[in-house]
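Here's the letter readout for the chains.
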Amino acid sequence: MVATAVAEEQNTTFQVGVILDANSTNGRIGNTSLLLALSDLYSINSNYSTRIVLHPRDSGPQITYAAASALDLLKDVQVDAIIGPQSSTHANFVSGLGNAAHVPVISFTATSPSLGQPPYFFQAAINDAAQVDAIAAIVKYFHWNQIIFVYEDSDYGNGIIPYLSNAFQQVNARVSYRSVIPISANDDFIIEELKNMRNMQTRVFVVHTTTPLASRIFLKAKEAEMMSDGYVWIVTSGIMNLFYSLDNPLIVKSMQGVLGVKPLVPSLPTLNSTTIRWKKKFAEINPGITVPQEINLYGLWAYDTLSALAQAAEKVGFREPSYLQNTSALNSTDIFITGTSRRGPILRAAMLETEFEGLSGNFRLVNGKLEPSSFEILNVNGMGLTKVGIWKPILESSSRRNANTTGFIGDKLGNITWPGGSSNIPKGWEVPLRGKKLKVGVPSKAGFPEFVNTKDATNITGLYIDLFKYVTAELPYVIEYEFIPFEMNNGSGRSYTNLSYQVFNGNFDSAVGDITITADRSEYVDFTLPIEQGGITMTQKNGQNDFFFFVKPLELKLWLTAIALFIFTGLALWILEHRLNSDFRGPVSEHIGLIFYVPFMSLVFSNREKIVSNLGRLVLVVWVFVVLILTAFYTASLSAKFTIIKLDHNTDSEVSKLIRNKEYVACRSGSFVCDFVKSLGFNGSMIKSYETADEFHAAFSNGSITAMFTRTPYSNLFLSTYCNKYVQVGSAYHTEGFAFVFPKGSPLVADVSRAIIKLTNNHNVSTTTKRWIPETCSKYDSSTEPWKNIELKKFKFLFGITAGITGTCLVVFLATYLYENRDFVQRVSSSNATAWSKLRSISMHFDRRDPRSFRGSGEFNASPNRNVHHRCCTCSAEGTPLREM
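Rules used throughout
Residues numbered from 1 in each chain as written. Predicted model: local features only at pLDDT ≥ 70, side-chain atom pairs only at ≥ 80, totals over all residues. Heavy atoms only, no water. Buried < 20%, exposed > 50% of the residue type's maximum accessible area, 1.4 Å probe, protein only. Helix = DSSP H or I, 4+ residues; strand = E, 2+ residues; numbered from the N terminus. Pairing = 2+ DSSP bridges. Right-handed = clockwise from strand over helix to strand, strands pointing away. Axes fitted to C-alpha atoms, helices over the stretch in contact; angles between N-to-C directions. Contact = heavy atoms within 4.5 Å.

Burial within strand 8 (residues 204-208) is extensive, with five of its five residues counted as buried. The two faces of strand 8 match: Val204, Val206 and His208 on one face and Phe205 and Val207 on the other face are all buried. Where strand 6 (residues 146-152) and strand 8 come together, four bridges link them in parallel fashion. Paired with Tyr151 across the bridge in strand 8 is His208. Two elements, strand 8 and strand 9 (residues 232-235), share four bridges in a ladder whose sense is parallel. Each residue of the ladder has a partner; that of Val207, found in strand 9, is Val235. Tracing the backbone out of strand 8, into helix 8 (residues 211-223) and back to the parallel element strand 9 gives a crossover that is right-handed.

The next thing to look at is the sheet that holds strand 9. Working definition: the strands of a sheet are paired by backbone hydrogen bonds and lie parallel or antiparallel to each other. If you walk across this open sheet you meet the seven strands as 7-6-8-9-10-16-17, and the pairing is mixed. Edge positions in the sheet fall to strand 7 (174-181) and strand 17 (384-391), since each has one partner strand and no second. Direction aside, neighbouring strands of the sheet carry axes that sit 25 degrees apart on average. Across the sheet, helix 4 (residues 132-141) touches strand 6, strand 8, strand 9, strand 10 (259-263), strand 16 (375-381) and strand 17, and the angle it forms with strand 10 is around 145 degrees. Along the sheet, helix 7 (residues 187-198) contacts strand 6, strand 7, strand 8 and strand 9; its crossing angle with strand 7, the most-contacted strand, is approximately 165 degrees.

Let us now look at the environment of Glu430. Within the element layout of this structure, Glu430 appears in the loop between strand 17 and strand 18 (438-443). Considered as a pair, Glu430 and Thr202 are 228 residues apart in the sequence and their alpha carbons are 6.6 Å apart. Apart from residues no more than four positions distant in its own chain, Glu430 is found in contact with Met200, Gln201, Arg203 and Pro747.

Most peptide bonds are trans, and most residues other than glycine sit at a negative phi. With omega at -5 degrees, the peptide bond leading from Gly84 into Pro85 counts as cis. Within the secondary structure, Pro85 is located in the loop between strand 3 (81-83) and helix 3 (88-101). A positive phi angle, close to 60 degrees, is found at Asn172, a residue other than glycine. One can find Asn172 in the loop between helix 6 (161-170) and strand 7. Taking relative accessible area as the criterion, Asn172 reaches 35% and is therefore assigned partly exposed. One non-glycine residue, Lys662, adopts positive backbone phi at about 55 degrees. Mapping Lys662 onto the fold places it in the loop between helix 20 (652-660) and strand 23 (665-668).

With that settled, consider the environment of Glu482. The residue Glu482 is located in strand 19 (residues 481-486) in this model. By relative accessible area, which is 36% here, Glu482 ends up partly exposed. Spatially, the C-alpha atom of Glu482 lies 6.2 Å from that of Leu438, the residues being 44 residues apart in sequence. Residues contacting Glu482, with those up to four places away along its chain left out, are Lys437, Leu438, Lys439 and Val440.

This is the structure:
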């Protein structure tokens, strides 16, 4: 194409180079739009004092041609601006040359977000990164959780991938595979890659390639029967923009059911008339080439690009020479050294300030890039595209992506025809009939080998291994799988969470074992129905094995006080009855026996000794009253110890006691239970972790721990081994049970869950469980039993009354004795004998029977006031005290 001048000599001209691939679809469309825009602009704005002169160059597909064209325009033509180049790869190089010469380079087709952004480079096209949220919104809308990327190995293909990955992560979708197709790939390579993807489980494919490569991919996908029911294909805007430029009907037929996104073009009144003139212009400058049905988006961006550049040039309006010659370039052999544009900086500033409503919508460059717009959601149906929705950018924080909103107008999409002609929404996941085995991760911990035993990696066994085998055997289809041990990091306390995360990352297709359903894990994986009951149980030593269980109802202080009162009462009764009651007389050994015998026999109300004194009777009545109450409390508490009464079903009181007493407790290492125990209020330093049942038993035996918190299945297994030594305390804390783990959205979750229900109803689950875990002991719920150590403070008042009455009786009796025998006591105390002799004399006198006890018996009728002479070791026959013993 020859240079076209559309200005008169008196107007300021701006030399604008155009670098496009003249033999490509976008090149032909772009050239047509630029020429049409140039004609329309100056016919409407004839009063402009500036005119743009286009200098087109054919870059071809090679980057060297694009570089040569740019150097020619910069050094020889000394252009004020360059429109183009066409590809992102070319743009990276040409933009560097323009930046060095201070010449704006404006591309309406280079959309890769990986492009550098030199000050003088403008993307007059919507960046590919702007569409990733719209694609992610489609995935979120249909609840697909796994995606396969299919993209070409080029700057254009690779540039969008980090943005797509991040967008999918925001909607909890995982990229399960990336298929990188070289631009030069032959059909055999494409077929082999498609077969590889067909053997995977994911059925949602996002394609980001140039149109020629995409056409080949869909033709081969049709041959591989991957454009049928259950498959989902989503293409990026680069393919949708050129859909009506596809000249092979077979390509369109192979894309039936494909979804795609495309920047929304507003319906302007001038668009239809412009399209008619554009088609005529295209036919005029491209003879023999089929005219496209419409101006695609690249053509609209090209039209708006030239309009923006013309408006910016009008603002600048220079008449002086546009270039300063670089003197170093004259003597240098470096072909990349060019002069420096004087108009470039001002023209650049004018471009950034230009804003208008163009054919493609609002034209405004933000940081050198065209401002993003809304996107259409299109569905390939028949030989055309059907609009099924419009997505608007969510301008708030990225956290909004995780909310219920998707950004679609009305929050819904229209009816979609899927590959295969189906109107049913694909699940996004299928179990392949052939291909790779499912990689099933299993915990490699040996603490409870009855659940999962990975000691022999070639023959992994255990309860949950058997259950998984039985469940998969019940599926209506055959799946192949292999168990892969996962090394657990016990120190982190998050081992099972890490195992679940491996499923999310795609390292495993499933996870099997004693894995608990938790809220945080369900955020990124799906669980089947529970295969085992849930609950967290507290286990302690069995208190019934204590040889001194009979003293447990009363606390130590109460026992000591009761014993002291017991002895005090016995001694008081002996003192009160010894002089009056023949049953309380005899040898010294019998005296001591009576002191302990009478109070003890009163416990069962079977003492044969009569109490003759009123004071003794009072003491005995009070003592019997105390014994009655104390015995009742003791009997009730001791009986309750052996009578398990389910009055309450929580262990809060027992846990509070452990926390209050700062007792050490234990949990299984690597389990979420340790975090749960902390949430109960235990200090982290008081929580120990162990792995095996033997380690727990050893910790109990040496007193390292007082209680252990484990999942109920672990506790049952532990009790089956140490049946009589430990008990489950209280009822279990409610948690979800054990389940199998699968990736989000996996159809296996529903099928496996149905199989679990079937096996449960047939009692196969319980039968398998009993085979691996024997019956446990009867549950002993100490926290719900009413027996507690009875404290002394509850009996303080009663004991005080008893001791007071008994003591008062003793004081009254002794005072009476001393008063009645005051003459004798006075003689003894006034004698010259030693203190010990005096004490012994009074003791011997006290040991004699009181004369009043003989009244009525015929033995002695003398009045107690008569002067009676007694013989004793310290008195003469006449009753006179002896000087010496």
